[in-house]
Amino acid sequence: MTVYNFSAGPAALPLEVKKQIEAELYDWNGTGCSVMEVSHRSQEFIDMADENEALARELLNISNDYSVMLIPGGARLQYSMLPVNISSQQGSAIYAINGHWGKQAIKEAARFTQAVSTAPISNDVYADIPNYDVSGLNPKADYFHYTSNETLEGVQWHKLPQTNGLPLCCDMTSDLLTREFDVNDYSMIYASAQKNMGIAGITFVIMRRDMIGKSNNLIPTMTDYKTYADTRSFYNTPPTFPWYVMLLVLRWVKSQGGVAAIQRNNQLKSSTLYNYVDQSDFYLNKVAPDCRSEVNVPFWLADESLNQKFLTESSVANLKALKGHMAVGGMRASIYNAIPMSGIEALIAFMQEFERTHG
Ligand SMILES: *Cc1c(COP(=O)(O)O)cnc(C)c1O
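Rules used throughout
Residues numbered from 1 in each chain as written. Predicted model: local features only at pLDDT ≥ 70, side-chain atom pairs only at ≥ 80, totals over all residues. Heavy atoms only, no water. Pairing = 2+ DSSP bridges. Helix = DSSP H or I, 4+ residues; strand = E, 2+ residues; numbered from the N terminus. Contact = heavy atoms within 4.5 Å. Axes fitted to C-alpha atoms, helices over the stretch in contact; angles between N-to-C directions. Polar contact = N/O pair within 3.5 Å; in protein donor to acceptor, adjacent residues only side chain to side chain. Core = buried A, V, L, I, M, F, W, Y, C linked by side-chain atoms within 4.5 Å. Buried < 20%, exposed > 50% of the residue type's maximum accessible area, 1.4 Å probe, protein only. Right-handed = clockwise from strand over helix to strand, strands pointing away. Parallel < 35°, antiparallel > 145°, perpendicular 65-115°, else oblique. Left-handed = near helix turned anticlockwise from the far one by under 90°. Domains from an automatic or database assignment. Buried area = accessible area lost by both parts, 1.4 Å probe. Salt bridge = Lys/Arg side-chain N within 4 Å of Asp/Glu carboxyl O. Nonpolar A, V, L, I, M, F, W, Y, C, P; charged D, E, K, R; others polar.

J.: Describe in detail the sheet that holds strand β12 (residues 296-301), supporting the description with residues and values.
T.: If you walk across this open sheet you meet the 3 strands as β11-β12-β14, and the pairing is antiparallel. Edge strands, defined here as strands with exactly one partner in the open sheet, are β11 (283-284) and β14 (331-334). Examined bridge by bridge, β12 and β14 share 4 bridges and lie antiparallel to one another. Bridge pairing links proline 298 to arginine 332 in β14. Each of β11, β12 and β14 is contacted by helix α7 (residues 258-279), which is oriented at about 15 degrees to β12, the strand it contacts most.

Have a look at this one:
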């Protein structure tokens, strides 16, 4: 029986990608070795990196005004790398906060710049995106940062934030490659790979070239964007296996019809699940309809005393990792690109049966 893995990250990979990894494990590209065992300076690896960059640029429509980089250290490293490179202790930056990861981002940034949030930061679980007064934003701030999809709370931006012209920077870790957007609206975008772009170990960074190499701060070579831009991310030995998996995932996205087709599928998957939850009195979702996530769907049982039973029985039914993050509670189905519609159907069938037997 098929197992559906609703993990929020590291998350499910497309089956085709896992099969390809298996097929190439003992002989990658005629090298007689796995990709993990060849030099990153070898022609085979450089060709692979070239294809990866070209495909990422094609799928996301990234112009030559932008540098694309692969950086270790997770999205978390970007929380400090961004302010250290393009702001300073004397500078300032604006953060729109609507969930857990935005809170982590501003906390780290505050160590390196005057980081200001657009609205008071709440201790409650976010269920919408707080409004703010655009005219109140400091026009001298070095950048404006937000999290396009808050992975724990399932709160997603469906329009661009108003920045009054400030350079826009975005943590897209949980929704890059899941929907269409215009890179040209941004100065910088980053996503660690383990949600929709492969496996943990690398963070994909897109940055306007004119933002790179301008820092007046004394920064370690390994945390200077210029190092990655100038060497095409080949300064130190890069995480070669995650890089290779990213290419396989990009090829898979292309085979699915590209990001537009992926998005249509994600919208169908998420609306099917939300519609089911909304019509039920047994389950509920607390997020405002206009900012519900298309990739992380949190839901609660009206009777929370059934939570453990739900998790145990769903796992037995081969529906894995449905437990909500401890900061939010309840359940969460992360339905990233690799989860097919059949996974949503299996989940809903289980939820109906659980309601029938426990409701
Ligand atoms: C998972 C996640 C992170 C954390 O990524 P790391 O690679 O563990 O640093 C940051 N932001 C968002 C939106 C996430 O979903």
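J.: How would you explain the sheet that holds strand β10 (residues 203-208) if you had to name every residue and give the values?
T.: Spatially, 7 strands are ordered β2-β10-β9-β8-β5-β3-β4 in an open sheet, and the strand pairing comes out mixed. Each edge of the sheet is formed by a strand with only one pairing partner; in this case those strands are β2 (66-71) and β4 (114-117). With direction set aside, neighbouring strand axes in the sheet form an average angle of 20 degrees. Inspection of the sheet shows strand β8 (residues 168-171) paired to strand β9 (residues 188-192) by 3 bridges, in the parallel sense. In the strand pairing of β9, aspartate 171 is matched with tyrosine 190. Sheet contacts for helix α3 (residues 74-86): β2, β5 (144-147), β8, β9 and β10; angle to β9, the most-contacted strand, approximately 155 degrees.

J.: Give a detailed account of the side chain of asparagine 285, specifying residues and quantitative values.
T.: Looking at where asparagine 285 falls in the secondary structure, it is placed in the loop between β11 and β12. Engagement of the side chain of asparagine 285 in a polar contact is seen with the backbone nitrogen of valine 287, the distance being 2.8 Å. Here the side chain of asparagine 285 touches arginine 292 through a polar contact of 3.2 Å, side chain to side chain.

J.: Help me get a handle on the nonpolar core, residues and values and all.
T.: Counting residues in each nonpolar core, the largest one holds 54 residues, and the members touching the most others are Phe144, Met197, Phe204, Ile206 and Tyr244. A total of 11 residues in this core trace back to one element, the largest contributor, which is helix α6 (residues 240-255). Discounting chain neighbours no more than four positions away, the residues touching tyrosine 244 are Gln20, Ile21, Glu24, Trp28, Val35 and Met48. Ranked by size, the runner-up nonpolar core spans 27 residues in total, among them Phe6, Phe310, Leu322 and Leu347.

J.: Quick rundown of the pairing of β4? Include the residues and the values.
T.: As a general feature of sheets, a regular strand has side chains that alternate between the two faces. Sheet topology note: the strand β3 (residues 92-95)/β4 ladder contains 4 bridges and is parallel. Bridge pairing in β4 places isoleucine 94 opposite valine 116. Crossover connection from β3 via helix α4 (residues 100-109) to parallel β4: handedness right-handed.

J.: So what about the packing of helix α2 (residues 43-60) against α6? Which residues, and what values?
T.: Across the interface, α2 lies against α6 with an axial gap of 9 Å and an inter-helix angle of 45 degrees. Classed by the angle they form, the pair α2 and α6 counts as oblique. Considering how the two elements wind past one another, α2 and α6 form a crossing that is left-handed. Here Phe45, Met48, Ala49, Glu51, Asn52, Leu55, Ala56, Glu58 and Leu59 of α2 come into contact with α6, specifically with Thr240, Trp243, Tyr244, Met246, Leu247, Leu250, Arg251, Val253 and Lys254.

J.: Summarise the domain arrangement of the chain; cite the residues concerned and give the values.
T.: Each domain of the chain was delimited in the assignment, giving domain 1 (15-255) and domain 2 (258-358). Computed from C-alpha coordinates alone, the two centres of domain 1 and domain 2 are separated by 27 Å. Residue-level contacts link 25 residues of domain 1 with 25 residues of domain 2. A buried area of about 2100 Å², summed over both sides, lies between domain 1 and domain 2, and 57% of it is on carbon and sulfur atoms. Contact with domain 2 buries area across many residues of domain 1, yet Leu152, Thr178 and Glu180 alone supply 23% of it, more than any other trio. The tally of links from domain 1 across to domain 2 stands at 0 salt bridges. Remark: the boundary between domain 1 and domain 2 carries 13 residue pairs in polar contact (both at pLDDT 80 or more). Here the element with the most residues in the side of domain 1 that touches domain 2 is α6; it accounts for 3 residues. Taken together, the residues of the side of domain 1 that touches domain 2 sort by class into 10 nonpolar, 8 polar and 7 charged.

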